[in-house]
Amino acid sequence: MIGLISATAAGAAARDRLAAAWPDRTRVYGGPVADAVRTAFAECEQLVCFLATGAVVRLVAPLLDDKRTDPGVVCVDEGGRFAVSLVGGHGGGANELARAVGGVLGAEPVVTTATDAVGLAGLDTLGLPVEGDVAGVSRALLDGEPVALRAEVSWPLPPLPVAGEGAYTVRVTDRLVESAEREAVLRPPSLVVGVGASRGAPVDEVYGLVEEALRDAGLSAASVAWLATVDAKAEEPGIVGAAERLGVPVVTYPAAELAGVEVPNPSDAPLAAVGTPSVAEAAALVRGGELLVPKRKSAASPAMATCALVRRPGRGRLAVVGLGPGARDLVTPRAQAELRRASVLVGLDQYVDQIRDLLRPGTRVLESGLGAEEERARTAVEQARRGHAVALIGSGDAGVYAMASPALAEASDDIDVVGVPGVTAALAAGAILGAPLGHDHVSISLSDLHTPWEVIERRVRAAAEADLVVTFYNPRSRGRDWQLPKALAILAEHREPATPVGVVRNASRADESSRLTTLAALDPATVDMMTVVTVGNTATRRIAGRMVTPRGYRWQAASTSGSAAGSEEGPK
């Protein structure tokens, strides 16, 4: 819960805006400010104080105890101009909260944490438990000293500027080891504990068994991802309580699914009780992995709990990211977040240059020139299969004439794939021209490098006959100068010579240019590969210098006389 505290009318107005945006996440604290801060500090995970930073410093100073447990505190000034991460930037999540508050209120987030200031991923912000000399290793990374990475378990980490050797070390392991001097230990969630329990099994018995199995195997409880069991035991108090003590969720599977998992130690008892010959081993192994500890029983007599330990494989992560048409402000926040999360970036060299400054230090860049799309796709998938966090970039939307298709054709289900949408060239050009895509429309690439011209021509003819607005991608190059005139001629068989046509070159970039012409007047020689050509349908009009395709609904006739009967909005 996020506590909200204000002292003035201006602060209360901004406070109420935030409360309205996050109704399920926030709680407003009224009354005397000092009392409100003390109460919220004790009850909430985070605070947003609409007060001067000096006042908040004095109010929270006596309450501070441990940065690992203190709530994160963000200050917003009376004018709503800045959201300052004051306390608990990493541990309390105040840095991310400041950015989120800024997004809601239009305030500038102010983050002064050293790693954030220079673009480094803080070791305590990677989403993994971390132990050891975190401050010393972080300081070494900040100072540019060589820091070695020892990954005993493959896991997709954000970028870290590490070297092969160094006086400081980042160690990635799920083994129960003490950190050495000048070493920070990251605990990946690589372990799954399968658990079976009789009805009424005590929490102490289940938890004690799991704890003992981990200790005997030399494995860290901090690397347990979840407890797994059969659906019939989803509400078993002993299992639920053990998971709560470990701070992990309970994941359950149907008995029929567990019965299909091959295990070394099947038994008739669970088969008779819940319908599967194995609960602990099968639940641990159902998603694959290496069985580290076979089924073992608790020491009680009679034993009421069983468990098994599995190390699950670290799945690589491939984010296919659309960068938009070229302008920085059209690169979405989600795309920027994925770029900063990736330890490996794969892309066309000119696209890499557009966003190189967004990458964190330590990101490995694999770039190549034009015409190597399939090679880039294979490279990205291969890097993800090695357990890395990979971003594969493309212009516009990565799924539209870009990298998503070849990458997903290469990718199997052994990696995680995330798609990040982007603003397409057709949308960017449409916004410049006016509203040419206001009704049904289609995009067609005129490049016959990958598609036979016969197929392209059939699609153009179908779009012409269906009276669809058509956006042509890749309309003309030095080696392909006849396809666009041919496509325009096909459209001209179904549309008037005065049909509006919009031509946009380098949409949203510094050398952007655009013009409106007609189907009869368009000179194909003025078009190149950096151009998008949008041809209107029979309803498209030129209105006040803009290209507009009416939506065509019945209310439009009424709206022209000043009374709209209604509207219909949907996803675009």
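Our structure is the block above this text.
Quick notes on the rules
Note on numbering: residues in each chain are counted from 1, in written sequence order. The model is predicted, so local features are restricted to residues of pLDDT at least 70 and side-chain atom pairs to those at 80 or more, both for listing and for counting; the totals for chains, interfaces and linings are taken over all residues. Note that water and hydrogens are dropped before the side-chain values are worked out from all heavy atoms of the structure. Per the convention used, a helix needs a DSSP run of H or I reaching at least four residues, while a strand needs a run of E reaching at least two, with both numbered from the N terminus. Three labels apply to residues, based on accessible area from a 1.4 Å probe with only protein chains included: buried if under 20% of the type maximum, exposed if over 50%, partly exposed otherwise in between. Throughout, a residue-residue contact means that at least one pair of heavy atoms, one from each residue, lies within 4.5 Å. Using a 1.4 Å probe, accessible areas were evaluated by the Shrake-Rupley method; residue-level cover was limited to the displayed protein chains. Counted charges follow a simple rule, with Lys and Arg positive, Asp and Glu negative, and His plus the chain ends left uncounted. Every charge is mapped to an atom, namely NZ of Lys, CZ of Arg, CG of Asp or CD of Glu. Aromatic pairing here means that ring centres of Phe, Tyr or Trp (its six-membered ring) are within 6.5 Å. Orientation follows from the plane angle: under 30 degrees is stacked, over 60 is edge-to-face, and everything else is tilted. Consider the ring centre and the ring normal. A charge sits over the ring if Lys NZ or Arg CZ is within 6 Å of that centre and within 35 degrees of that normal. This arc corresponds to the set of directions leading from the helix axis out to the C-beta atoms. Take the buried residues of types Ala, Val, Leu, Ile, Met, Phe, Trp, Tyr and Cys, join any two whose side-chain atoms come within 4.5 Å, and each joined set is a nonpolar core. Any two strands with at least two DSSP-identified bridges between them are counted as paired. In this analysis, axes come from line fits to C-alpha atoms, helices being fitted only over the stretch in contact, and the angle between any two N-to-C directions falls in the range 0 to 180 degrees. Note on angle classes: values under 35 degrees are labelled roughly parallel, values over 145 roughly antiparallel, values of 65 to 115 roughly perpendicular, and the remainder oblique. Two helices cross in a left-handed way if the nearer one is turned anticlockwise from the farther one by less than a right angle. They cross in a right-handed way if the turn is clockwise. Only Asp, Glu, Lys and Arg are considered charged, only Ala, Val, Leu, Ile, Met, Phe, Trp, Tyr, Cys and Pro nonpolar, and every remaining residue, Gly among them, polar. Seen with its strands pointing away from the viewer, a crossover is right-handed when the path leading from the first strand over the helix to the second is clockwise.

Colleague: Please clarify how the overall build of the protein chain should be interpreted in this entry.
Modeller: Across its full length, the protein chain holds 19 helices and 28 strands. Oriented by its inertia axes, the alpha-carbon framework of the protein chain measures out at about 90 × 65 × 55 Å. Scored against the burial criterion, the 572 residues of the protein chain give a buried share of 46%. Within the protein chain, residue pairs in contact and separated by at least 24 positions form 64% of the contacts whose partners lie at least 6 positions apart. Carbon and sulfur atoms make up 51% of the accessible area of the protein chain, which totals about 26900 Å². Taking the 56 positively charged and 68 negatively charged side chains of the protein chain as two groups, their mean positions are separated by 3 Å.

Colleague: Where do I start with the packing of aromatic side chains in this structure?
Modeller: For the structure on display, the rule yields two aromatic pairs. Taken together, a centroid distance of 4.8 Å and an interplanar angle of 55 degrees make the contact between Tyr-401 and Tyr-473 tilted. Taken as a pair, Tyr-401 in the loop between β19 (389–394) and α15 (404–410) and Tyr-473 in strand β23 (residues 469–473) lie far apart in primary sequence, 72 residues in all. For the ring pair Trp-453 and Trp-482, a centre distance of 5.0 Å and an interplane angle of 70 degrees mean the geometry is edge-to-face. With a gap of 29 residues between them, Trp-453 in helix α17 (residues 453–465) and Trp-482 in the loop between β23 and α18 (483–492) connect regions that are remote in the sequence. Note on Trp-453: relative accessible area 10%, which makes it buried. Taking the relative accessible area as the measure of exposure, Trp-482 reaches 43% and is therefore partly exposed. Its guanidinium or amino end placed over the ring of Trp-22, Arg-25 lies 4.2 Å from that ring's centre, counting from NZ or CZ.

Colleague: Looking at this model, I keep getting lost on helix α2 (residues 33–43). Mind explaining?
Modeller: At 3.6 residues per turn, the α-helix brings residues three or four places apart onto the same side. Residues Ala-36, Val-37, Ala-40 and Phe-41 constitute the buried set of α2. The buried residues of α2 occupy an angular sector of 130 degrees when the element is viewed end-on, so they sit on one face.

Colleague: Would you mind going over the nonpolar core with me for this structure?
Modeller: In this structure, Val-193, Val-195, Val-206, Val-210, Leu-214, Leu-227 and Leu-309 are the most contacted members of the largest nonpolar core, which totals 23 residues. Taken together, the elements giving at least two residues each to this core come down to β11 (191–197), α7 (203–217), β12 (224–230), α8 (237–246) and β15 (305–311). Considering every element that reaches this core, the biggest residue donor is α7, with six residues. Those residues in contact with Leu-309, other than ones at most four positions away along the chain, are Val-192, Val-193, Ala-213, Leu-214, Ala-217, Leu-219, Glu-290, Leu-291, Leu-292 and Val-293. Formed by 21 residues, the second largest nonpolar core is a distinct cluster that contains Trp-453, Val-460, Val-470 and Ala-487.

Colleague: Just to check I follow, could you spell out the sheet that holds strand β5 (residues 82–87) for this structure?
Modeller: The pairing of strands in a sheet happens through backbone hydrogen bonds and is either parallel or antiparallel. What the six strands build is an open sheet, ordered β2-β1-β3-β4-β5-β6; its pairing is mixed. For this open sheet the edge positions go to β2 (26–29) and β6 (108–110), each flanked by a neighbour on one side alone. For this sheet, the mean angle separating the axes of adjacent strands, direction not counted, is 25 degrees. Looking at chain direction, strand β3 (residues 46–50) and strand β4 (residues 72–76) are connected through four bridges and run parallel. Among the inter-strand pairings, Leu-47 is bridged to a residue of β4, identified as Val-73. Sheet strands in contact with helix α3 (residues 53–60) are β3, β4 and β5, and its direction is about 25 degrees off that of β5.

Colleague: Please clarify how the packing of α17 against α18 should be interpreted in this entry.
Modeller: To describe two helices that pack against each other, one gives the angle between their axes and the distance between the axes. For the pair α17 and α18, the least separation of the axes is 9 Å and the interaxial angle reads 30 degrees. Accordingly, the angle class assigned to the pair α17 and α18 is roughly parallel. For the pair α17 and α18, the sense of crossing is right-handed. Between α17 and α18, the contacting residues are Trp-453, Glu-457, Val-460, Arg-461 and Ala-464 on the first element and Gln-483, Lys-486, Ala-487, Ile-490 and Leu-491 on the second. Taken together, the residues that form the contact of α17 with α18 break down as six nonpolar, one polar and three charged.

Colleague: Help me understand unusual backbone geometry, please; the structure alone is not making it clear to me.
Modeller: Both trends apply: most residues other than glycine have a negative phi, and most peptide bonds are in trans. Cis geometry marks the peptide bond from Ser-301 to Pro-302, where omega comes out at 0 degrees. Residue position: Pro-302 is located in the loop between β14 (290–297) and β15. A positive phi angle is found at Arg-182, which is not glycine, with a value near 60 degrees. Within the chain, Asp-467 stands out as a residue other than glycine whose phi angle is a positive 60 degrees. Examined against the element boundaries, Asp-467 turns out to sit in the loop between α17 and β23. By relative accessible area, Asp-467 is classed as partly exposed at 27%.

Colleague: When you look at the pairing of β4 in this model, what are you seeing that I'm missing?
Modeller: When a strand is regular, its side chains alternate between the sheet's two faces. Of all five residues in β4, five are buried, a share of seventy percent or more. In β4, alternate side chains face the same way, and those of Gly-72, Val-74 and Val-76 on one face and Val-73 and Cys-75 on the other are all buried. A crossover connection joins β3 to the parallel β4 through α3; in handedness this β-α-β unit is right-handed. Where β4 and β5 come together, four bridges link them in antiparallel fashion. Residue pairing for β5: Cys-75 is matched across the bridge by Val-84. Between β4 and β5, which follow one another and run antiparallel, lie five residues, and Gly-80 among them has a positive phi close to 65 degrees.

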